[in-house]
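Observations on the three-dimensional arrangement
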Amino acid sequence: MTPPSAAPIHPATAAAIAEAGRLLAEGHLVAFPTETVYGLGADSTSDRAVAAVFAAKGRPSFNPLIVHVADPADAERLVVVDARARALMARFWPGALTLVLPRRADSPVSLLVSAGLDSVAVRLPDHEVARALIRAAGRPVAAPSANRSGAVSPTTAAHVAQSLGDRVAMILDGGPCRVGVESTVLDLCHERPAILRPGGIPMEALADALGEPPLTSGHGGDAPRSPGMLESHYAPGLAVRLCACSPRPGEALLAFGAAPADATLNLSPSGDLEEAAANLFAMLRALDRPEFTGIAVMSIPDRGLGRAINDRLRRAAAPRSSATREAS
Ligand code: TXA
Ligand code: MG
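This section reports on the structure supplied with the text. This structure is a prediction, so every number in the text was calculated from the model and none was measured.

Check the secondary structure of the protein and you find 10 helices and 15 strands. Relative to the 2.2 N^0.38 estimate, which gives 20 Å for 328 residues, the radius of gyration of the protein is 19 Å and therefore close to what a compact globule would have. The dimensions of the protein, computed from C-alpha atoms along their principal axes, are 60 × 50 × 35 Å. Taking contacts inside the protein between residues at least 6 apart in sequence as the whole, the part at least 24 apart equals 69%. The averaged location of the 33 negative side-chain charges in the protein is 3 Å from the averaged location of its 31 positive side-chain charges.

See below:
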C-alpha cells in the first residue's frame, strides 16, 4: 500500500532542528510537527521557496498559505495587529488559531503567500519543535499541511513521507500531533470576525473571547469563504459515507462512542471529541485499503471540536470532480 520512500525522517533533536533551520534559510522545504497537523515549511520571505511549496503539494496558486511565527511580536512585523487581534493572540497563542489580518505595506512576506489577497494568515503553533525550528530559520515560515493537495492531512512523520517524502529536504519527527485537525482560521479584516475554517479552537471559545459569535461560512452563512475551502478535500481514496449506523457489505465502519460489534475502528469509544479529532486523519488513512469498498462513518455531535471533525468529514465525502477538488 505504502510505497517505500527515500524520505529523510529525523527525530527532532536540537541538532536536527538546527540543520532544518539552515535548510529553510537556504530555500529548501522542511516538514515539521505542529500540535494540529504536520506542516510543509518554507521561507515565507522567498518567492522561490514559496513557489516550491505550491509545486510540491500540487496546490492551486489561488489558495493562500499560513505564515508561522515563534513570537507574537514577530507577527506585528508582517500584518497590522489591532487591539482585537492582540487580545485573541494573548488568549489563544500559542495554539490552533490562525488570524487573517491586513498585510503591512512593508511586510517581508512573499506576495505569493497571500495568493493575490491583501491579507496574510498568521499562527503561533503550540509545539516546541515548530517554534524552535522557526527561531533556527530566523524568519517566518509559510506552511500548509504537508499532504498532496486535496488529500488527507498528515498527523505523523510517516504520513508525510508517504506523500511528500521525495519532495522535501528533511522531515522532522516530533511524534503524533496532539490536536489532529488543522487550526481554526478566523478572518479579522472586517468589522465582524468570521470563521473561514473550523478547527482546533472551538467556535464557542472564540465567541466567548470576542463577546459575540463570529460569522461562519460552513453552513451557507454569510461570511466570506476562505479561498482554499472548496468542497472536496481531506479525501481518502475510498468513498466516504456519513451518518452511518452500520456498514454496508464491503464497507469499513469508523465508529464514534458506543458502537455496533462490526465497527472496524473507533474514533473514541468513550465519545470524547478531542480524542476523536486526534484520531480522525490517521484512522481515515488506516481504513483506506483495497479490501474495503468504502468508509462509513457514524455521526459526530456538531459542537466543540465536533464542528471541525464534521467539516473535514463532509469534505472527505463530497463529490470529487476536478472542478470542486480542493486545494490545501
Ligand atoms: O493547523 C494548521 O493550520 C496547519 C498547520 C501546518 O499549521 N496548516 C494548514 O495550512 O492547515 P493549509 O494551507 O492546509 O490551510 C490554510 C487555510 C486554507 O484554507 C487557506 O485558504 C486559508 O487557510 N488561508 C490562508 N491565508 C489566507 C488568507 N490570507 N485569507 C483567507 N484564508 C486564508
Ligand atoms: Mg491543508
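It is worth spelling out the site of ligand 1 at this point. Neighbouring ligand 1 are 27 residues; Thr36, Arg59, Asn63, His68 and Ser183 lie closest to it. Taking arginine 197, its side chain carries an N or O atom lying 2.9 Å from an oxygen atom of ligand 1. Expressed as a share of its isolated accessible area of 690 Å², the protein-covered part of ligand 1 is 99%. Within the residue set of the shell around ligand 1, elements represented by two or more residues are β4 (66-68), β6 (119-123) and β10 (194-197).

This brings us to the state of the cysteines. In protein structure, a disulfide is the covalent linkage between the sulfur atoms of two cysteines. This model, assessed by the stated rule, comprises zero disulfides. Here cysteine 243 is not disulfide-linked; the sulfur of cysteine 245 is the nearest cysteine sulfur, at 8.4 Å.

In the contact formed by helix α9 (residues 273-287) and helix α10 (residues 305-317), the axes pass within 9 Å of each other and the chain directions differ by 25°. With respect to each other, α9 and α10 are oriented roughly parallel. Regarding α9 and α10, the two cross each other, and that crossing is left-handed. Residue-level contacts link Leu273, Glu274, Ala276, Ala277, Leu280 and Phe281 of α9 to Leu305, Gly306, Ile309, Arg312 and Leu313 of α10.

Our focus in this paragraph is the nonpolar core. The biggest cluster of nonpolar side chains holds 47 residues, and the ones touching the most others in it are Leu99 and Val122. Those elements that provide at least two residues to this core are β3 (39-43), α2 (47-57), α4 (83-92), β5 (97-102), β6, α7 (157-164) and α8 (203-210). If you tally residues by element for this core, the top one is α2, at five residues. Residue contacts for leucine 99: discarding those within four places in its chain leaves Ala85, Leu88, Met89, Trp93, Val120, Ala121, Val122, Leu186 and Leu188. Residues Tyr234, Ala252, Phe256 and Leu280 belong to the second largest nonpolar core, which totals 28 residues.

Bringing the sheet that holds strand β15 (residues 294-297) into the picture now. Through backbone hydrogen bonds, the strands of a sheet pair up, either in parallel or in antiparallel fashion. On the basis of which strands lie adjacent, the open sheet formed by four strands has the order β12-β15-β13-β14 and parallel pairing. Where the open sheet ends on each side, the last strands, each with one partner, are β12 (239-241) and β14 (265-266). In this structure, strand β13 (residues 251-255) lies alongside β14, joined through two bridges in parallel fashion. When the sheet's bridge partners are listed, leucine 254 is paired in β14 with leucine 265.

This next bit is on the pairing of β3. Most of β3 sits out of view: five of its five residues are buried. Along β3, one buried face is formed by Gly39, Gly41 and Asp43 and the opposite face, lined by Leu40 and Ala42, is buried too. In terms of strand pairing, strand β2 (residues 30-32) meets β3 through three bridges, oriented antiparallel. Across the sheet, the residue bridging to phenylalanine 32 is glycine 39, located in β3.

Turning our eyes to something else, we now look at the packing of aromatic side chains. Counting across every chain of the model gives one aromatic pair. Ring geometry for tyrosine 234 against phenylalanine 281: centres 5.7 Å apart, planes inclined by 10°, an arrangement best described as stacked. One end of the pair, tyrosine 234, is in the loop between β11 (215-216) and β12; the other, phenylalanine 281, is in helix α9, with 47 residues separating them in the sequence. Each member of the pair tyrosine 234 and phenylalanine 281 is classed as buried.

This part covers the side chain of threonine 155. Relative to the assigned elements, threonine 155 resides in the loop between β7 (141-142) and α7. Not counting chain neighbours up to four residues away, the residues in contact with threonine 155 comprise Thr36, Val37, Tyr38, Gly175, Pro176, Cys177, Gly180, Phe281 and Ala282.

Charged atoms that come close allow side chains of opposite charge to pair. Scanning all chains against the criterion turns up 19 salt bridges. The salt bridge partner of aspartate 74 is arginine 77, with a shortest N-O separation of 2.6 Å. The partner of arginine 289 in a salt bridge is glutamate 291, with the nearest N and O atoms 2.9 Å apart. By relative accessible area, which is 28% here, arginine 289 ends up partly exposed. The exposure class of glutamate 291 is exposed, given its relative accessible area of 54%.

The next subject is the packing of α4 against α8. Between α4 and α8, the least distance of the axes is 11 Å, while the angle of their chain directions is 130°. Here α4 lies oblique to α8, going by the angle between them. Here the hand of the crossing between α4 and α8 comes out right-handed. Residues Arg84, Leu88, Arg91 and Phe92 of α4 form the contact with α8, whose participating residues are Ala205, Leu206, Asp208, Ala209 and Leu210.

How each quantity is defined
- Residues numbered from 1 in each chain as written.
- Chains lettered and ligands numbered in written order.
- Predicted model: local features only at pLDDT ≥ 70, side-chain atom pairs only at ≥ 80, totals over all residues.
- Heavy atoms only, no water.
- Helix = DSSP H or I, 4+ residues; strand = E, 2+ residues; numbered from the N terminus.
- Rg over C-alpha atoms; globule rule 2.2 N^0.38 Å.
- Contact = heavy atoms within 4.5 Å.
- Lys, Arg positive; Asp, Glu negative; His and termini not counted.
- Charge placed at Lys NZ, Arg CZ, Asp CG, Glu CD.
- Near = heavy atom within 4 Å.
- Polar contact = N/O pair within 3.5 Å; in protein donor to acceptor, adjacent residues only side chain to side chain.
- Areas by Shrake-Rupley, 256 points an atom, 1.4 Å probe, with all protein chains shown as cover.
- Disulfide = S-S within 2.5 Å.
- Axes fitted to C-alpha atoms, helices over the stretch in contact; angles between N-to-C directions.
- Parallel < 35°, antiparallel > 145°, perpendicular 65-115°, else oblique.
- Left-handed = near helix turned anticlockwise from the far one by under 90°.
- Core = buried A, V, L, I, M, F, W, Y, C linked by side-chain atoms within 4.5 Å.
- Buried < 20%, exposed > 50% of the residue type's maximum accessible area, 1.4 Å probe, protein only.
- Pairing = 2+ DSSP bridges.
- Phe/Tyr/Trp six-rings, centres within 6.5 Å; stacked < 30°, edge-to-face > 60°.
- Salt bridge = Lys/Arg side-chain N within 4 Å of Asp/Glu carboxyl O.

On their own, these measurements won't tell you what the molecule is for.
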